[in-house]
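Spelled out from the first residue to the last, the chains are:
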Amino acid sequence: YKDEVDQLQSQLVQMRELEVENSDLRNLLSMKQRTGPGALISVSVIARDDTPYVQAITIDRGANDGVRQDAIVITHKGLVGHVERVNPTSSKVRLINDLNSSVSVRLQTESRTTGVLRGQSQGNMMVIAFIPQTDVVQPGDVVLTSGLGEMYPEGLVVGKVARVERKDADPFQAAVVEAAVGMDKLERLYVLADTGK
């Protein structure tokens, strides 16, 4: 009798996992319609480099699974980073909050401000510097990839403006951006494997 209860409970847990996965996939499908052709490869994190200067992870898929160098890594919430090095069965991914990361972005605002988002290697915060003072930027503004760089396709969610830093004497202002994806809690990730090339 107890066995049956245990079994039912484990089935319930599995069903909940599947529900989460389904809602993830629904979100991903809408994202995928924007990113064009290419398969999504589901990957897991198997290791993490978390030093003050490097924000990177190792994932459990590689060249044998169709992962290519510079492929984009996302979750259903938004952009995570890009594949920096591919091995046969694993790959190294540099996260967008890494100090050496830069992403061409635009704000989903009337001024359609564009800029380059740079990692700070601290938590989920990144910065867009050199925004003209004349552009209206406010906390809560959504930040998307602009598609202007070589690397990232247009329209992926990157995060939201957390705060704006400006000094009157300076022609520019900076936006501190919080990543949409919790970089410290990366679980179910997907690599955009571009099969169209």
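Above: the structure in question.
What comes next is a walk through the structure. (Residues numbered from 1 in each chain as written. Predicted model: local features only at pLDDT ≥ 70, side-chain atom pairs only at ≥ 80, totals over all residues. Heavy atoms only, no water.)

**Considerations on the overall build of the chain**
Tallying secondary structure elements over the chain gives one helix and 13 strands in all. Element order for the chain, N to C, with α for helix and β for strand: α-β-β-β-β-β-β-β-β-β-β-β-β-β. In the chain, buried positions account for 40% of the 197 residues. At a minimum sequence separation of 6, the contacts of the chain that also span at least 24 residues come to 59%. As presented, the chain carries roughly 11,200 Å² of accessible surface, and 50% of it is formed by carbon and sulfur atoms. Mean positive and mean negative side-chain charge positions of the chain (22 and 26 charges, respectively) differ by 2 Å. (Helix = DSSP H or I, 4+ residues; strand = E, 2+ residues; numbered from the N terminus. Buried < 20%, exposed > 50% of the residue type's maximum accessible area, 1.4 Å probe, protein only. Contact = heavy atoms within 4.5 Å. Areas by Shrake-Rupley, 256 points an atom, 1.4 Å probe, with all protein chains shown as cover. Lys, Arg positive; Asp, Glu negative; His and termini not counted. Charge placed at Lys NZ, Arg CZ, Asp CG, Glu CD.)

**A short note on the pairing of strand 2 (residues 45–50)**
Successive residues of a regular strand alternate their side chains across the two faces of the sheet. Direction of pairing for strand 2 relative to strand 3 (residues 55–59): antiparallel, over a ladder of five bridges. Residue Asp49 lies in a different strand from strand 3, and its bridge partner there is Ala56. Count of turn residues in the strand 2/strand 3 antiparallel hairpin: four residues. (Pairing = 2+ DSSP bridges.)

**Details of the pairing of strand 3**
By the criterion of burial, strand 3 is predominantly enclosed, with five of the five residues buried. Where burial is concerned, the two faces of strand 3 agree: the one with Gln55, Ile57 and Ile59 and the one with Ala56 and Thr58 are both buried. Pairing between strand 3 and strand 6 (residues 91–95): four bridges, direction antiparallel. Paired with Thr58 across the bridge in strand 6 is Lys92.

**Description of the pattern of salt bridges**
Under the criterion given, the structure shown has six salt bridges. Between Glu84 and Arg94 there is a salt bridge whose closest N-O contact spans 2.5 Å. With Glu84 in strand 5 (residues 78–86) and Arg94 in strand 6, this pair connects stretches of sequence that are 10 residues apart. Judged by its relative accessible area of 28%, Glu84 falls in the partly exposed class. When its relative accessible area of 16% is taken as the criterion, Arg94 is described as buried. (Salt bridge = Lys/Arg side-chain N within 4 Å of Asp/Glu carboxyl O.)

Such coordinate-based values are descriptive only and should not be taken to indicate function.
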